[in-house]
Amino acid sequence: MNKYSKRREALLYHAKPTPGKIKVVPTKKYATQRDLSLAYSPGVAEPCLEIAKDVNNVYKYTSKGNLVAVISNGTAVLGLGDIGPEASKPVMEGKALLFKIFADIDVFDIEVGTKDIDAFIETVKNIAPTFGGINLEDIKAPESFEIERRLVKELNIPVMHDDQHGTAIISSAALLNALELAEKQPENVKVVVSGAGSAALACANLYLLLGVKTENIIMFDKDGVLSSERTDLSDLQKKYTAGKPGTTLAEAMKNADVFLGLSAGNIVSPEMLLSMAKNPIVFAMANPIPEIDYDLAIATRDDIIMATGRSDHPNQVNNVLGFPYIFRGALDVRATKINEAMKMAAVRALAALAKESVPEQVNIAYGETRLNFGKEYIIPKPFDPRLIAVVAPAVAKAAMESGVALNPISDWGNYEEELLDRLGSDNKMVRLLTNRAKTEPKRVVFAEADHLDVLKAAQIAHEEGIAKPILLGNKEVILELKEELGFDADIPIFDPKTSEEDKRRLEYAQIFWEARQRRGISLLDAQKWMRERNYFAAMMVNHGDADAMVSGYSRSYPSVVKPLMQLIGKAPGISLIATTNMMMTNRGPMFLSDTAINPNPTADDLAKIALMTEKTVRMFGMEPVIAMVSYSNFGSSSNESATKVREAVAYLHKYYPDLIVDGEIQTDFALNSDMLKEKFPFSKLAGKKVNTMIFPNLESANITYKLLKELYKVDSIGPIMLGMEKPAHIFQLGASVEEMVNMVAVAVVDAQEKEKRRKMIQVNL
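This write-up is about the structure you can find in this document.

Of all the 8 residues making up strand S15 (residues 578-585), 8 are buried; the element is thus mostly covered by neighbouring parts of the structure. Burial of S15 is two-sided: the residues Ala-578, Thr-580, Met-582 and Met-584 facing one way and the residues Thr-579, Asn-581, Met-583 and Thr-585 facing the other way are all buried. Both S15 and strand S20 (residues 715-722) contribute to a ladder of 6 bridges, which runs antiparallel. Among the inter-strand pairings, Met-582 is bridged to a residue of S20, identified as Ile-717.

Structural data, given as structure tokens:
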């Protein structure tokens, strides 16, 4: 994508369909006059009076306890500098989004129109009663230090400047583990720091708490080494003046154990790296270009332990590992501040988490066989679902132990369950899915690439590294649309109807005819059908010219399924094809089967659909908890529809006793674990959170997923094809670009899985 197209896409993302990235939604009923009289006058007077009696009741009757202000004056926005408060607003909204999706914290972003320290502080103090916490953002140093210091002292709610402390906390956790791997002690290491701004100083301050000695830290800014002879240093910088006047970065790097870079790209050479001590620790965190390229550094020294700020390399020092969970823990115990004890608790919790066994969901997301504590895994991954239940409690406990918690927690088990439940409304599964696809992108045929939205999906898949697109359609139209989109990548384009594809088309037709000649297909028929894109695309996958295909945007589902059935067919050992939809509900991902293929499956079919769905759920790194749903509960009806579900369950219980599956069961009981446990305690689903539902027929499954999608705007990925020999997936008619990109990611992951299974079979043979 060219610079103009990227700019246009970014502007459209923020402008359409509604300007901005966050909104306020009601949390209470408001449908009736009674509701409104409780929400406002006269009912609202009662909580007002209670708060007037005791100001702490504000946490009981309002949203203050889960509301954080992200505040900036726009003086140090990303790498853009002093661009003003209004121009900083998109960044502050972005930070609000991260707070919400990672820790379920509500945020108001506030942009303050002053550079005066006193005026800024006074503004924040005056609005502080609204909030449970204050996150300062993108305020230039040295003003940011003074602003944070005074607000922490003068307010009785948590205040943190994330630009400083977020980076410091994550890098300190990484340093703890890196030192352990390097077999070095903090008090003995020599540390070179490139950069002397707020983040670098905050990192150095936390490193001291880990045991690093001040005299062993040599710090540089753009004007050179910080030394006692410098007269231009701030009071905070004067703490780190151990360097000798005139010392260069290259000289300081000799025999250094640790390099911390928070400055500029490509300032460290291989020679500097080679001059460092044995098992050097290098945190090159300038973004987007690190102080030294990761691949170059690894090639230069095989004993290096390295982290960067980039997501495409191991050990990403990413603030999202810290600030959402630090504020989560602080808010949940009503901490009056975020102190050093709480920061260090976060450091040690993150460091310890990296040493624990990694959930399969995380391994799958990052395309790893098994992530293990070591040089390439010294801090947890941002998508690790355990973060909220590990870091937030650690911070909360530290707040209690250090005496700043006003609402201490007593039941830690219940608290951790509540934290994990907060993730249910998140859409992490999509990010996990696309992240996994990126680990090994596959060649995906887009059979309708001369439609603008399909081509846009192909563009995103290419630019995000999700897939390697192959475009089918009218070449002239595709090239015009590519130019319109600014999609200037060299992507293969095929039009099955042109003479250019005669040789390939005839070859495909011959293969198809030979396979189907005894099933009423003539060679002429085969040649004619190979002019159709879906037949051509399916043969590309069959013949190994592509790894997967996607289609269906402009045609009905049955018309697209037919060629796939004829050409690709079922996987070995599979007797029927089915589909499942992954619905992104507010309780987490839910898989619904069969939503598109089998109108009235038998008991045997339902069992097979359940087993195929189970494999797909595991492909996404989840443990399947399967409800075989009906209008009946455990034998309450003898109708054929309920009976076949019961028979399918009996079969699964007998031959797959370890599978968590039960039924027949009504949907409300399946989804309400408390009600199920009370009425049917014998069920395998009792006390479990159902994430998969198998429906008795296509009608009920299809209606359910479309109701969820349209009534509640639940995102859907699917229908995902189950049981196909090769990866072939179908878009919903008129699917959105986002839905198509998600399906492309599914197709890529499916191709990865099928390739993995083929290799395992070959090894066993």
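The strand order across the open sheet built from 6 strands is S18-S17-S19-S16-S15-S20, with neighbouring strands paired in mixed fashion. Unpaired on one side and paired on the other, strand S18 (661-665) and S20 mark the two borders of the sheet. In this sheet, adjacent strand axes meet at a mean angle of 20 degrees when their direction is disregarded. Pairing of strand S17 (residues 626-629) with S18, which is carried by 4 bridges, proceeds in the parallel orientation. Bridge pairing in S18 links Val-629 to Ile-665. Sheet contacts for helix H26 (residues 640-655): S17 and S18; angle to S18, the most-contacted strand, approximately 165 degrees.

What follows deals with the environment of Pro-314. Counting through the fold element by element, Pro-314 comes out in the loop between strand S10 (305-308) and helix H13 (323-332). Classification of Pro-314 by relative accessible area gives buried; the value is 18%. For the pair Pro-314 and Tyr-377, spaced 63 residues apart in sequence, the C-alpha separation works out to 6.6 Å. The contacts of Pro-314, once residues within four sequence positions are left out, are Tyr-294, Met-306, Ala-307, Thr-308, Glu-376 and Lys-381.

On to the side chain of Thr-580, then. Mapping Thr-580 onto the fold places it in strand S15. Residue classification places Thr-580 among the buried positions, given a relative accessible area of 0%. Looking at Thr-580, its side chain comes within polar contact range of the main-chain oxygen of Leu-592, at 3.1 Å.

This part is about the nonpolar core. Counting 85 residues, the largest nonpolar core has Ile-281, Phe-283 and Met-342 as its most contacted members. What Phe-283 contacts, discounting residues up to four positions off in sequence, is Ser-171, Ala-174, Leu-175, Ala-178, Tyr-207, Phe-259, Leu-260, Gly-261, Ala-307 and Ile-378. Grouped together as the second largest cluster of nonpolar side chains are 55 residues, Tyr-366, Ala-437, Val-454 and Ile-717 included.

This part covers a nonpolar patch on the surface. Taken together, Ile-703, Leu-707, Leu-711 and Tyr-712 make up a surface patch of nonpolar side chains, about 450 Å² in accessible area. Here Ile-703 shows up in helix H29 (residues 698-711).

Time to look at the sheet that holds strand S2 (residues 106-111). If you trace the 4 strands from one edge of the open sheet to the other, you get S2-S1-S3-S4, paired in parallel fashion. Either end of the sheet is taken by a strand with one partner, and the two such strands are S2 and strand S4 (159-161). Ignoring which end each strand starts from, the neighbouring axes of this sheet average 20 degrees apart. Alignment of strand S3 (residues 133-136) against S4, held across 3 bridges, turns out to be parallel.

Take Leu-611: it is sitting in helix H25 (residues 603-619). Judged by relative accessible area, Leu-611 falls into the buried class, the value being 13%. The sequence separation of Leu-611 and Leu-97 amounts to 514 residues, and the corresponding C-alpha distance is 37 Å. Ignoring any residue separated from it by four or fewer positions in sequence, one finds Leu-611 in contact with Leu-652, Tyr-656 and Leu-659.

Each aromatic ring pair is specified by the distance between its two centres and by the angle formed by the two planes. Applying the stated criterion to the full structure yields 15 aromatic pairs. A ring pair is formed by Phe-591 and Phe-620, whose centres lie 5.6 Å apart and whose planes are at 45 degrees; its orientation type is tilted. Taken together, the residues Phe-591 in strand S16 (residues 588-593) and Phe-620 in the loop between H25 and S17 connect sequence positions 29 residues apart. Take Phe-591: its relative accessible area is 0%, and that puts it in the buried class. Owing to a relative accessible area of 5%, Phe-620 belongs among the buried residues under this scheme. Just above the ring of Tyr-59 sits the side chain of Arg-334; from NZ or CZ to the centre is 4.2 Å.

By the element assignment, Tyr-294 lies in helix H12 (residues 294-300). Counting along the chain gives 14 residues from Tyr-294 to Thr-308, while the straight-line C-alpha distance between them is 7.6 Å. Sequence-distant contacts of Tyr-294, defined by excluding residues within four places in its chain, comprise Met-306, Thr-308, His-313, Pro-314 and Glu-376.

Side chains that differ in sign of charge can pair as their charged atoms come close. Applying the stated criterion across every chain, the model contains 44 salt bridges. In this structure, the salt-bridge partner of Asp-109 is Lys-89, at a minimum N-O distance of 2.7 Å. Here Asp-109, found in strand S2, pairs with Lys-89, found in helix H5 (residues 85-103); they are 20 residues apart in sequence, far enough to count as distant. Among the residues examined, Asp-109 registers a relative accessible area of 13% and is labelled buried. With relative accessibility at 32%, the residue Lys-89 sits in the partly exposed group. Across the salt bridge formed by Arg-436 and Glu-753, the nearest N and O atoms sit 2.3 Å from each other. Residue Arg-436 is found in helix H18 (residues 428-439), and its partner Glu-753 is found in helix H30 (residues 737-764); the two are separated by 317 residues along the sequence.

A pair of packed helices is captured by two measures, namely the crossing angle of their axes and the spacing between those axes. Two elements in contact, helix H21 (residues 502-516) and helix H23 (residues 533-542), have axes whose closest approach is 10 Å; the angle formed by their N-to-C orientations is 80 degrees. One finds that H21 runs roughly perpendicular with respect to H23. Contacts between H21 and H23 pair Arg-504, Arg-505, Tyr-508, Ile-511 and Phe-512 from the former with Tyr-535, Phe-536, Met-539 and Met-540 from the latter. By residue class, the composition of the contact of H21 with H23 is 7 nonpolar, no polar and 2 charged.

Criteria and cut-off values
- Residue positions within a chain follow its written sequence, with the count starting from 1.
- With the structure being a predicted model, the display of local features is reserved for residues of pLDDT at least 70 and the display and counting of side-chain atom pairs for 80 or more, all residues being used for whole-chain, interface and lining totals.
- Side-chain metrics rest on all non-hydrogen atoms present in the structure, leaving aside hydrogens and water.
- Buried means the residue's accessible area, taken with a 1.4 Å probe over protein chains only, is under 20% of the maximum for its type, while exposed means over 50%, and partly exposed covers the values in between.
- Think of it this way: any DSSP run of H or I at least four residues long counts as a helix, any run of E at least two long counts as a strand, and we number them from the N terminus.
- Strand pairing is assigned whenever DSSP identifies at least 2 bridges connecting the two strands.
- Convention adopted: a line fitted to C-alpha atoms gives each axis, helices being fitted over their contacting stretch, and angles between N-to-C directions are expressed from 0 to 180 degrees.
- Should any heavy atoms of two residues lie within 4.5 Å, those residues are counted as being in contact.
- Think of a polar contact as two N or O atoms within 3.5 Å of one another; within protein, one of them needs to be a possible hydrogen donor and the other a possible acceptor, and neighboring residues in sequence only count if both atoms come from side chains.
- Residues belong to one nonpolar core when they are buried, are Ala, Val, Leu, Ile, Met, Phe, Trp, Tyr or Cys, and are joined through side-chain atoms within 4.5 Å.
- What goes into a patch is any residue over 30% in relative accessible area without a salt bridge, connected to like charges within 9 Å or, for nonpolar side chains (Val, Leu, Ile, Met, Phe, Trp, Tyr), within 5 Å.
- Only the protein chains shown count as cover for residues, with accessible areas throughout obtained via the Shrake-Rupley method and a probe of 1.4 Å.
- Whenever Lys or Arg places a side-chain nitrogen within 4 Å of a carboxyl oxygen from Asp or Glu, that contact is recorded as a salt bridge.
- Aromatic pairs are defined between Phe, Tyr and Trp rings, using the six-membered ring for Trp, whenever the two ring centres lie within 6.5 Å; interplanar angles under 30 degrees are classed as stacked, those over 60 as edge-to-face, and all others as tilted.
- By the criterion adopted, a ring carries a charge over it if an Arg CZ or a Lys NZ lies within 6 Å of its centre and within 35 degrees of its normal.
- Should an angle fall under 35 degrees it is called roughly parallel, over 145 degrees roughly antiparallel, and 65 to 115 degrees roughly perpendicular, with every other angle called oblique.
- The nonpolar class holds Ala, Val, Leu, Ile, Met, Phe, Trp, Tyr, Cys and Pro. Asp, Glu, Lys and Arg form the charged class, and all remaining residues, Gly among them, are polar.

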